[in-house]
Amino acid sequence: MEAAVHYEYGNESVLQVKTIPIPNFSQNEILVKVKAATVNRTDCAYLTGKPAIMHLIAGFKKPRNSITGSDFAGVVMTVGEAVTKLKTGDRVVGLDANQLS
C-alpha cells in the first residue's frame, strides 16, 4: 500500500509517498482503503514538531510514527474476526487513533 511518510520533522519537503507493507491488524480492527483524507492542525504539528511540546507526544528527535494523517474516508477492505458491525465493501469515515499515541 502507499502512504505519505516522514522520518524527520520539517515542512512538506520532508514528506515522501512510499509503498509500505500492509500492516498486521488484530481481530477487532479493520483495514480501510483510503479514498480521501484531510490535512488538519494536528497533522501539521506532527509533521513540523511545532509547538515544541509535540516532541513529548510524537517523539523527541524524530517522529515515532512515520506515517502521516489521522482522519480519513474510504472503503473497508478486510475485517478482523471480532468485528461484527462492518463488512468488506462498507464505506466508512474515521480517525486513526494510532496517530494520536
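Residues numbered from 1 in each chain as written. Predicted model: local features only at pLDDT ≥ 70, side-chain atom pairs only at ≥ 80, totals over all residues. Heavy atoms only, no water.

Participant: How do you make sense of the nonpolar core when you look at a structure like this?
Facilitator: For soluble globular proteins, nonpolar side chains are generally found buried alongside one another. Formed by Tyr9, Ala45, Tyr46, Met54 and Ala58, the largest nonpolar core amounts to 5 residues. Setting aside residues up to four positions removed in sequence, Tyr9 forms contacts with Val14, Tyr46, Leu47, Thr48, Gly49, His55, Ala58, Gly59, Phe60, Lys61, Lys62 and Pro63. (Core = buried A, V, L, I, M, F, W, Y, C linked by side-chain atoms within 4.5 Å. Buried < 20%, exposed > 50% of the residue type's maximum accessible area, 1.4 Å probe, protein only. Contact = heavy atoms within 4.5 Å.)

Participant: Please clarify how the pairing of strand S4 (residues 71-79) should be interpreted in this entry.
Facilitator: As a general feature of sheets, a regular strand has side chains that alternate between the two faces. Of the strand pairs in this sheet, strand S3 (residues 30-37) and S4 are connected by 7 bridges, and their pairing is antiparallel. Following the sheet pairing, Lys33 is matched in S4 by Val75. With 5 bridges connecting them, S4 and strand S5 (residues 91-95) associate as antiparallel partners. When the bridges of S5 are listed, Val75 appears paired with Arg91. (Pairing = 2+ DSSP bridges. Helix = DSSP H or I, 4+ residues; strand = E, 2+ residues; numbered from the N terminus.)

Participant: Explain the side chain of Asp90 to me, please; I cannot follow it from the model alone.
Facilitator: The residue Asp90 is located in the loop between S4 and S5 in this model. In terms of polar contacts, Asp90 uses its side chain to reach the backbone amide nitrogen of Lys87, at 2.9 Å. (Polar contact = N/O pair within 3.5 Å; in protein donor to acceptor, adjacent residues only side chain to side chain.)

Participant: Explain helix H1 (residues 41-48) to me, please; I cannot follow it from the model alone.
Facilitator: Counting along an α-helix, one turn takes 3.6 residues, and residues three or four places apart therefore face a common direction. Residues of H1 that are buried: Asp43, Ala45, Tyr46 and Leu47. Residues of H1 that are buried make contact with helix H2 (54-58) and S4. Positive phi shows up at Gly49, right after H1, with a value of about 75 degrees.

Participant: I keep staring at the pattern of salt bridges and nothing clicks. Help me out?
Facilitator: One pass over the structure, following the stated rule, counts 1 salt bridge. Lys87 is the salt-bridge partner of Asp90, the closest N and O atoms lying 3.0 Å from each other. Note on Lys87: relative accessible area 55%, which makes it exposed. (Salt bridge = Lys/Arg side-chain N within 4 Å of Asp/Glu carboxyl O.)

Participant: Even after reading the chapter, I still don't get the sheet that holds S3, so can you show me in this structure?
Facilitator: Strand pairs in the sheet, formed through backbone hydrogen bonds, run parallel or antiparallel to each other. In spatial order, the strands read S3-S4-S5; together these 3 strands make up an open sheet with antiparallel pairing. With partners counted over all chains shown, the strands left at the sheet margins are S3 and S5, one partner each. When strand polarity is set aside, the average angle formed by the axes of neighbouring strands in this sheet is 45 degrees. (Axes fitted to C-alpha atoms, helices over the stretch in contact; angles between N-to-C directions.)

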